[in-house]
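For reference, the chains in residue letters:
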Amino acid sequence: MGDPDLLEVLAEEGEIANKDIDYSFQMSESLSSRETSFLINEETMFQKNQQSKDSIFFRDGIRQIDFVLSYVDDIKKDAELKAERRKEFENNLRKTGLELEIEDKRDSEDGRTYFVKIHAPWEVLVTYAEVLGIKMPIKESDIPRPKHTPISYVLGPVRLPQNVKYPHPEYFTAQFSRHRQELFLIEDQATFFPSSSRNRIVYYILSRCPFGIEDGKKRFGIERLLTSNTYSSAYPLHDGQYWKPSEPPNPTNERYILHKNWARFSYFYKEQPLDLIKNYYGEKIGIYFVFLGYYTEMLFFAAVVGLACFIYGLLSMEHNTSSTEICDPEIGGQMIMCPLCDQVCDYWRLNSTCLASKFSHLFDNESTVFFAIFMGIWVTLFLEFWKQRQARLEYEWDLVDFEEEQQQLQLRPEFEAMCKHRKLNAVTKEMEPYMPLYTRIPWYFLSGATVTLWMSLVVASMVAVIVYRLSVFATFASFMESDASLKQVKSFLTPQIATSLTGSCLNFIVILILNFFYEKISAWITKMEIPRTYQEYESSLTLKMFLFQFVNFYSACFYVAFFKGKFVGYPGGYTYLFNEWRGEECDPGGCLIELTTQLTIIMTGKQIFGNIKEAIYPLALNWWRRRKARTNSEKLYSRWEQDHDLESFGPLGLFYEYLETVIQFGFVTLFVASFPLAPLLALINNIVEIRVDAWKLTTQYRRTVASKAHSIGVWQDILYGMAVLSVATNAFIVAFTSDIIPRLVYYYAYSTNATQPMRGYVNNSLSVFLIADFPNHTAPSGKRDFITCRYRDYRHPPDDENKYFHNMQFWHVLAAKMTFIIVMEHVVFLVKFLLAWMIPDVPKHVVERIKREKLMTIKILHDFELNKLKENLGINSDELAKHVMIEENKAQLAKSTVYSS
């Protein structure tokens, strides 16, 4: 990417080393200063009230505003230092060739804010386009776009107009070179570089421009000035208003096109204008919306299958033998169940859970196993096809030879400020800030201890919720038993379900509270670690936030799925939490319905809360900011002031969007065996999420600085890890949480009814306990006309010599569960590996297109150099023939290299 010496000098001095560039910059600087001086002296010629509100040009109406800085006069003791920094910084910006125009605070809406408008002239753009390795068009592509297939006509209503979906033709591109400008398709210098490339170039200069020497060290970069409040904000301008197209001489208002075709909720069924998003916001934001859209499309197939499984459960609910026996007054009505809590709870009849058993069958039926296996395969297809989508995207967006964004690898100002040592860089051979490991170790220990403490706090809060459930269960049970008016309610709202619902809601509130505080603490502790680069900072924060949110959001579901009801003991020998609260028991039909309840409340609550927060929070802030600012309504509320009053998306805005999506992906995959409607809920949420994100980006946030990315980064590795874990969790849910395996064991090994094999299963799954064996402090008071009660387990009856010990059926069921887990995991993993092997990471047609583009680019460059050579050599035919042969050999060698790759 450009001359290495040039990059080094840019990073250290903010100047250009090459003599030709120096000359052009000197010319540009003198021209810029003369123009600016003329404009200031003749300011009365351009009355502010004659400007358009949406003008994105300097006062001359010719030079486009590429970036805006704002600041407010500071009356504190460091005001002079900030003013000196600004003066030096702006002078150095002019030296690099940028042109500046300052709006006085008297002309601003609030009467307090200064605005520094920045324009990058052609000389600056071509120089830094070469430095950044920006690819620009050299010839219109002869590779046709994908042809319409029969299914594409069926999907016609969801398609966007061609001019919106593909706003520009496809081109063969090459890295820009200022010495080969004739090679590129430059029709108009003012519009050759798109606004996203222009603001990226200007930000590159701003991030490296020095502003003085402090404490013996050279200080540079706009980020440091923003951190110290020397400037209050730095942002590129939107194209115009989002609700109307631009008027001449402003260029096409892509913001309006995006809002019209992307950010409107009435377009929820339409595809996204991905190329337009990339052109306007840059590849990094563009690839997030590509991923979100692709994930939503794949969720459609999972949602259809999940809905089919749910409908199957709904249709078979009335014919389920287990539910029929539980509801039968002659079977379930005659089974006296042991109390669910000590002393307060009474004996109860099994048919009181009739409705709950039917609801349980909705999600705990034969289709559960099928859906768990299907989702294991679905997640593999999702990730493998995403690799292909990403590879196609790299080709379409010219990211094949992508190098890491320089801003991400730039040293953070906080790192430089804290460094007391310098070290020779082995690559650049220059001294650079260096922090020894021993100075960081205490912060690493503090960071690790903080994360561990907060994860322990999550576990402690979950235990507190468990204690709440245990303590209020007895209250619900006694209240429902004593109040005759609740007789009708008891048929569908049992004490177990009431406790589960209230406990899940309380747990969700605790999750939100802990999440709010941890976000602040994790950002602070990551800063204290003093990461070297922005990339290291984001990776460290990602690890902390994901680990915490994983524990925070999923711990309650893991508890219900794998711990609740598994270690409760038996009547007369119950286990107790803290020797006081008896362990929670599952419903006679199993814990799956409670896991479904937990998952539904947390997942749905998080999605609704997240969308409301994303929509309301920036809207309220912007309204309040505008309300405070509009003090001089007779003055022009200019384009830069309108954008200044918008909320900043921030460097971590995309991070939180990815985090939200990955946490939802966990709900859809890790526990989906218990809730086949989870993909459907996620699908509905994502359809809304895409439009909410689009709406807030186009209407409520300042335009972000365009930056490149060729993948979703570390999030892809996290998705792979969750995909592998989901196979194990779903296998364990089917085996240990649902009632599928015990029913199958009974069906094949213990059933004695040939015509109705499942008849008698309920009686078989309940063990017998002698009431006289209850300890005095646990049995309910009062005499009973029955001597035994039933409980869910496989144990010997009281008249057996091994009474209350596990019987042989318990071990058969346990062996069947373990066998199922091993078989399911091996089958799913085998299919996963086969699919991963069969599906190439890069589709064949993309490989061919990449080779074709490389070949054509080499040919175009070869022809260009050959023509240039002919002009330079003139009539010397012998010399020309020799050079032609050399160039053709080079082209032939390059062609063979392309085909061999």
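Everything numeric here is computed off the predicted structure, so don't read it as measured data.

**With respect to the state of the cysteines**
No. 1: Enumeration over the complete set of coordinates arrives at three disulfides.
No. 2: Two residues share a disulfide in this structure: Cys327 and Cys354, whose sulfurs sit 1.9 Å from each other. Disulfide Cys327 to Cys354: torsion about the S-S bond roughly 95°, handedness right-handed. Placement of the pair is Cys327 in helix H13 (residues 321-327) and Cys354 in helix H14 (residues 354-363), with a sequence separation of 27 residues.
No. 3: A relative accessible area of 21% places Cys327 in the partly exposed class.
No. 4: Disulfide partner of Cys341: Cys345, at an S-S distance of 1.6 Å. Handedness of the Cys341-Cys345 disulfide follows from its S-S torsion of about 95°: it is right-handed.
No. 5: What makes Cys341 buried here is its relative accessible area of 10%.

**Re the packing of aromatic side chains**
No. 1: All chains considered together, the criterion is met by 61 aromatic pairs.
No. 2: Aromatic pair Phe370 and Phe374: ring centres 6.3 Å apart, planes at 25°, arrangement stacked. Note that Phe370 and Phe374 are positioned in helix H15 (residues 367-396) at a spacing of four residues, about one turn of the helix.
No. 3: In this structure Phe374 comes out as partly exposed when scored by relative accessible area, which is 22%.
No. 4: Across from the ring centre of Trp640, 4.2 Å away, lies the NZ or CZ of Lys117, which sits over that ring.

**What to know about the packing of H15 against helix H25 (residues 714-737)**
No. 1: In the contact formed by H15 and H25, the axes pass within 9 Å of each other and the chain directions differ by 170°. In terms of axis orientation, H15 runs roughly antiparallel to H25. In contact with Thr368, Val369, Ala372, Val379, Leu383, Glu384, Trp386, Lys387 and Gln390 of H15, H25 contributes Gln716, Leu719, Tyr720, Ala723, Ser726, Asn730 and Val734.
No. 2: Here the residues of the contact of H15 with H25 are counted per class, giving nine nonpolar, five polar and two charged.

**Focus: the sheet that holds strand S1 (residues 67-72)**
No. 1: Strand order in the open sheet made by the four strands is S2-S3-S1-S8, with antiparallel pairing throughout. Each of the sheet's edge strands pairs with one partner strand only, and the pair in question is strand S2 (99-103) and strand S8 (233-235). Direction aside, neighbouring strands of the sheet carry axes that sit 20° apart on average.
No. 2: Pairing geometry for S1 and S8, over three bridges, is antiparallel. In the strand pairing of S8, Ser70 is matched with Ser233.
No. 3: Against the sheet, helix H3 (residues 79-95) engages S1, S2 and strand S3 (113-119), with an angle of about 140° to S2.
No. 4: Where helix H8 (residues 195-206) meets the sheet, its contacts fall on S1 and S3, and the angle it forms with S1 comes to roughly 50°.

**Considerations on a nonpolar patch on the surface**
No. 1: The grouping of Leu437, Ile441, Tyr444 and Phe445 at the surface amounts to a nonpolar patch, some 420 Å² of accessible area in total.
No. 2: Relative to the helices and strands, Phe445 resides in helix H18 (residues 437-482).

**What about the pattern of salt bridges?**
Side-chain pairs of opposite charge can arise whenever the charged atoms involved come near each other.
No. 1: All told, the structure shown has 35 salt bridges when counted by the stated rule.
No. 2: Residue Arg198 pairs with Asp66 through a salt bridge whose shortest N-O separation is 2.7 Å. Here Asp66 lies in the loop between helix H2 (19-41) and S1 and Arg198 lies in helix H8, a separation of 132 residues in the sequence.
No. 3: A salt bridge links Asp841 to Lys387, with the shortest nitrogen-to-oxygen separation between them at 3.6 Å. A residue pair is termed long-range when its members are at least 10 positions apart, and Asp841 in the loop between helix H28 (808-838) and helix H29 (844-873) and Lys387 in helix H15 qualify at 454 residues.
No. 4: According to the relative accessible area criterion, Asp841 is partly exposed, its value standing at 40%.
No. 5: The partly exposed category is assigned to Lys387, whose relative accessible area is 22%.

**What to know about the packing of H15 against H28**
No. 1: Contact geometry of H15 with H28 gives a least axis separation of 10 Å together with a crossing angle of 25°. Judged by the inter-axis angle, H15 sits roughly parallel to H28. The two elements H15 and H28 cross, and the hand of that crossing is right-handed. Where H15 approaches H28, its residues Val369, Ala372, Ile373, Gly376, Ile377, Val379, Thr380, Leu381 and Glu384 are matched on the opposing element by Phe820, Met824, Val828, Val831, Lys832, Leu835 and Ala836.
No. 2: Here the contact of H15 with H28 is composed, by residue class, of twelve nonpolar, two polar and two charged.

**Considering the environment of Asp863**
No. 1: Assignment of secondary structure puts Asp863 in helix H29.
No. 2: Residue classification places Asp863 among the partly exposed positions, given a relative accessible area of 30%.

**Considerations on the nonpolar core**
A general feature of soluble globular proteins is that nonpolar side chains tend to end up buried together.
No. 1: Counting residues in each nonpolar core, the largest one holds 121 residues, and the members touching the most others are Trp262, Trp378, Phe382 and Tyr554.
No. 2: Once you skip the residues sitting within four places of it in the chain, Tyr554 turns out to touch Gln549, Val662, Ile663, Gly666, Phe667, Leu670, Phe671 and Met722.
No. 3: Grouped together as the second largest cluster of nonpolar side chains are 47 residues, Val126, Ile143, Leu183 and Val202 included.

**A short note on helix H19 (residues 495-528)**
No. 1: Taking 1.5 Å per residue, 34 residues should reach 50 Å; H19 reaches 48 Å between its end C-alpha atoms and fits that length.
No. 2: Backbone geometry just downstream of H19 places Ile530 in the positive-phi region, at approximately 55°.

**Examining unusual backbone geometry**
No. 1: Positive phi values are uncommon outside glycine, yet Asn229 reaches one of about 65°.
No. 2: Mapped onto the elements of the fold, Asn229 is located in the loop between helix H9 (222-227) and S8.
No. 3: Residue class for Asn229 comes out exposed when judged on its relative accessible area of 54%.

Definitions and cut-offs
- Residues numbered from 1 in each chain as written.
- Predicted model: local features only at pLDDT ≥ 70, side-chain atom pairs only at ≥ 80, totals over all residues.
- Heavy atoms only, no water.
- Disulfide = S-S within 2.5 Å.
- Helix = DSSP H or I, 4+ residues; strand = E, 2+ residues; numbered from the N terminus.
- Buried < 20%, exposed > 50% of the residue type's maximum accessible area, 1.4 Å probe, protein only.
- Phe/Tyr/Trp six-rings, centres within 6.5 Å; stacked < 30°, edge-to-face > 60°.
- Lys NZ or Arg CZ within 6 Å of the ring centre and 35° of its normal.
- Axes fitted to C-alpha atoms, helices over the stretch in contact; angles between N-to-C directions.
- Parallel < 35°, antiparallel > 145°, perpendicular 65-115°, else oblique.
- Contact = heavy atoms within 4.5 Å.
- Nonpolar A, V, L, I, M, F, W, Y, C, P; charged D, E, K, R; others polar.
- Pairing = 2+ DSSP bridges.
- Patch = residues over 30% accessible without salt bridge, like charges linked within 9 Å, V, L, I, M, F, W, Y side chains within 5 Å.
- Areas by Shrake-Rupley, 256 points an atom, 1.4 Å probe, with all protein chains shown as cover.
- Salt bridge = Lys/Arg side-chain N within 4 Å of Asp/Glu carboxyl O.
- Left-handed = near helix turned anticlockwise from the far one by under 90°.
- Core = buried A, V, L, I, M, F, W, Y, C linked by side-chain atoms within 4.5 Å.
- Expected span 1.5 Å × (residues − 1).

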